[in-house]
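# Geometric and topological summary
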Amino acid sequence: MKVKVCVLVAILLPVLAAAQQWIEHSADGVFDCRSVHATDMNGDGDIDIIAGIINNDEVVWFENDGTNNLADWTMHLVGSSVIDPFYVYAIDVDGDGDTDVLCADKLGDRIVWWESDGAGNTEVWVEHVVDNAYNSAHCVFAIDVDSDGDVDVLGAAKDDDDVTWWENDGTNNVDNWTEHTVDGAFDGANGIYARDVDDDGDIDILGAASYADDITWWENDGTNNVDNWTEHTIDGAFTGAQYVYAEDMDGDGDIDVLGTCRDDDDVTWWENDGTNNVDNWIEHTVCDDFDWAAGVYASDVDGDGDTDILATAVTGGEVAWWENDGTNNVANWTEHTIDGDFDGAFYVLAMDMDEDGDIDVLGSAVYAQEITLWEQVGPVELPNLFDVTLIAQPMLHVQRGGYFQYDAVIHSLLPTFRYVDIWTVAVLPNGDEYGPVWLIEQLPIAPGGVLFASGLGQQIPGNAPLGSYTYRMYAGRFPYAVVGSDEFDFEIVAGNTAPGNSSTHWRADGVHSAFTHSAVTTKASDNDGLPLQYECSAAYPNPFNPTTTIHVNLPETADLSVAVYNVTGQFVMQLADGEHSAGTHGLVFDASHLASGLFFIRTVVPGELNDVQKVMLVR
């Protein structure tokens, strides 16, 4: 079935110094939709949309055609046996390498999932029932709760007041689930989510209860006793609690909690103080007049390295995001409206839908009966959060085929820990930027910390035009967010120090080893700053969305292989392969275009290190 997605080319609201803009793309049809989800459904590398269509009693998915033209998407039916598909989610449930679909069928009182046939046949789905007596099923989620390597299912039942998880036995019997009640008296259980809240290595469960007015988390004790959960109330007076989400909001390395409430119109986050006191939460109200606050999500919307908040207002008909200023002032948020006329705005999530390097926003509206994607366009003007200094010889003149050196210092102006990308470009005589000449992603930097690199080398192509150039270094999130920069001028003059060099490539030397040697290695090192032993850090964050980072310590130059595999053992991607210099190497697993699920990262240094760790991608 073909569904035309009409493109409304209209600028909704400029944000960030009138530089950031949104273009609206709405599905052509009438869709009473409470929730949507986004992931790659057919393995073609782009992000598709899954939706529960209440007025049609259907669960469908919209196929992204792989271009940046979002005006022509195809709608595929997943299942039509549902009565009220209130909430949808997608993950590889049966561990066969493809993406399956789950649904909380509210009026059908069921939790169901549809199995993909894995052959790319987008119209063939097999329905499986997880629970067919789950009264007023309001929410569904999936993650490996018991750390046994397969995906379990979680749910919230509003009329039964239940928070539940169903254990996957890991066999090919896709209908064999063992029910475990986490809380059978969570009055008006409405929303559910799961993260490792207390950083002890296992998955905890979070919930929102609209009648009990509670935001709560249940602590997993990490044993094989899958029914042993300790309840911790985060907020017992959050009137009409709707949904709950969890992310590190203040950049301090622990998981904070976000929530919305209908009656008090609040968008709130609770700060985890990082101690072992699992009941110690500090409340921060982001907005207290967001009329019937419902959906809530967290992402770095403006690409400045910190986490922002998104939410929907049902009665207010609004989709908005609140900008985190990245300081320790955790109550300082700037509201930006994405769409103020989205009647019955219910659900929101954010990811890079069109692969252009910035965050887009996806939402559904129950009164307007729309599914809409807001594409972020335009440059982003950001404050300087990093002080970048380049040190080079003044009045630098170099011949074609020649070479120059420079030093670099990057000083964080932030009071919190950050990962930062560093890259350089060459500004040509005609004003065009060439680059990146080189790029290092996800360099860790401490609060107020300094990264330093000496003797960075740059070779000039043998056929480079003569004239005046600028060499520029950026700090931020490549390629779209710059939060610090510096530059110096140089001149390419007549002559050629390498007459046989006709290359057009701007080759850089000593970049990775210089930064990792002087800036990244911070512990377990000798007097020269090199690690003392071969070591691989635990991936952080984990669970993650959409990137996680590991650091590998090499006390000497060595062959390093880091590869990612899915739960069936299929190769997914290579993070490192070949000889690497001594130092600490930060490696990023970017799962932007992968479906939620479990992955394994294998790190090998022959004869020295063989490490396998599992990571969970959670959308």
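Now for a look at the structure at hand. The model shown is predicted, which means the values in this text are computed figures rather than measured ones. (Residues numbered from 1 in each chain as written. Predicted model: local features only at pLDDT ≥ 70, side-chain atom pairs only at ≥ 80, totals over all residues. Heavy atoms only, no water.)

Counting through the fold element by element, N272 comes out in strand 21 (residues 266-272). Here V197 takes part through its backbone oxygen, which lies 3.4 Å from a polar atom of the side chain of N272. A distance of 3.0 Å separates the side chain of N272 from the backbone oxygen of I255, its partner in a polar contact. When neighbours within four sequence positions are excluded, N272 is seen to be in contact with V197, D252, D254, I255, D256 and W281. (Helix = DSSP H or I, 4+ residues; strand = E, 2+ residues; numbered from the N terminus. Polar contact = N/O pair within 3.5 Å; in protein donor to acceptor, adjacent residues only side chain to side chain. Contact = heavy atoms within 4.5 Å.)

A separate point is the sheet that holds strand 35 (residues 450-459). Overall, antiparallel pairing links the 4 strands, which are arranged 30-32-35-38 in an open sheet. Each edge of the sheet is formed by a strand with only one pairing partner; in this case those strands are strand 30 (386-392) and strand 38 (508-509). Strand direction decides the pairing type here: strand 35 and strand 38, joined by 2 bridges, are antiparallel. Looking at strand 38, one finds that Q458 is bridged to A508. (Pairing = 2+ DSSP bridges.)

On the secondary structure map, P606 appears in the loop between strand 44 (597-605) and strand 45 (609-617). Considering only alpha carbons, one finds P606 and A558, 48 residues apart in sequence, at a separation of 8.5 Å.

Our next topic: the pattern of salt bridges. Taken as a whole, this structure holds 8 salt bridges when the rule is applied. The partner of D32 in a salt bridge is R34, with the nearest N and O atoms 2.8 Å apart. Put simply, E247 and R195 hold a salt bridge, and the shortest N to O gap is 3.6 Å. Of this pair, E247 sits in strand 19 (residues 241-247) while R195 is found in strand 15 (residues 189-195), placing the two residues 52 residues apart along the sequence. (Salt bridge = Lys/Arg side-chain N within 4 Å of Asp/Glu carboxyl O.)

On to empty space enclosed by the protein. Enumeration according to the criterion identifies 4 cavities of 30 Å³ or more in this entry. Taken as a whole, the largest cavity encloses approximately 190 Å³ of empty space. Along the wall of the largest cavity there are 19 residues; nearest its centre are Y87, Y193, V244, Y245 and Y347. Of all elements in the fold, only strand 7 (85-91), strand 11 (137-143), strand 15, strand 19, strand 23 (293-299) and strand 27 (345-351) reach the threshold of two or more residues within the lining of the largest cavity. Its residues assigned to classes, the lining of the largest cavity comprises 15 nonpolar, 3 polar and 1 charged. (1 Å grid on protein atoms, 1.4 Å probe; cavity = no way out; pocket = protein on both sides within 12 Å on 5 of 7 lines; lining within 4 Å. Points joined across faces, edges and corners; volume = space filled by probe spheres on them. Nonpolar A, V, L, I, M, F, W, Y, C, P; charged D, E, K, R; others polar.)

Let us look at the environment of D161. Tracing the chain through its elements places D161 in the loop between strand 12 (152-157) and strand 13 (162-168). Separated by 27 residues in the primary sequence, D161 and Y134 have C-alpha atoms spaced 9.8 Å apart.

In space, the 4 strands of this open sheet follow the order 42-41-44-45, with antiparallel pairing throughout. The sheet is open, and its two borders are formed by strand 42 (571-580) and strand 45, each paired with just one other strand. Averaged over all pairs of adjacent strands, the angle between strand axes in this sheet comes to 15°, irrespective of strand direction. Across 6 bridges, strand 41 (residues 558-566) lies against strand 44 in antiparallel orientation. Bridge pairing in strand 44 links Y565 to F600. (Axes fitted to C-alpha atoms, helices over the stretch in contact; angles between N-to-C directions.)

In this structure, P436 follows G435 across a cis peptide bond, with omega equal to 10°. Among the secondary structure elements, P436 is positioned in strand 34 (residues 433-445). Residue P546 is bonded to the preceding N545 through a cis peptide linkage, with omega at -5°. Non-glycine residue D109 carries a positive phi angle of around 55°. Considering the arrangement of structural elements, one finds D109 in the loop between strand 8 (100-105) and strand 9 (110-116). Residues other than glycine seldom take positive phi values, yet D213 does so here, at roughly 60°. Overall, the relative accessible area of 21% leaves D213 in the partly exposed class. (Buried < 20%, exposed > 50% of the residue type's maximum accessible area, 1.4 Å probe, protein only.)

Attention shifts here to the side chain of T470. Its location among the elements puts T470 in strand 36 (residues 467-477). Side chain to side chain, T470 and D489 meet in a polar contact 2.8 Å long. Those residues in contact with T470 that sit more than four places away from it in its chain are V425, A426, V427, E487, F488, D489 and F490.

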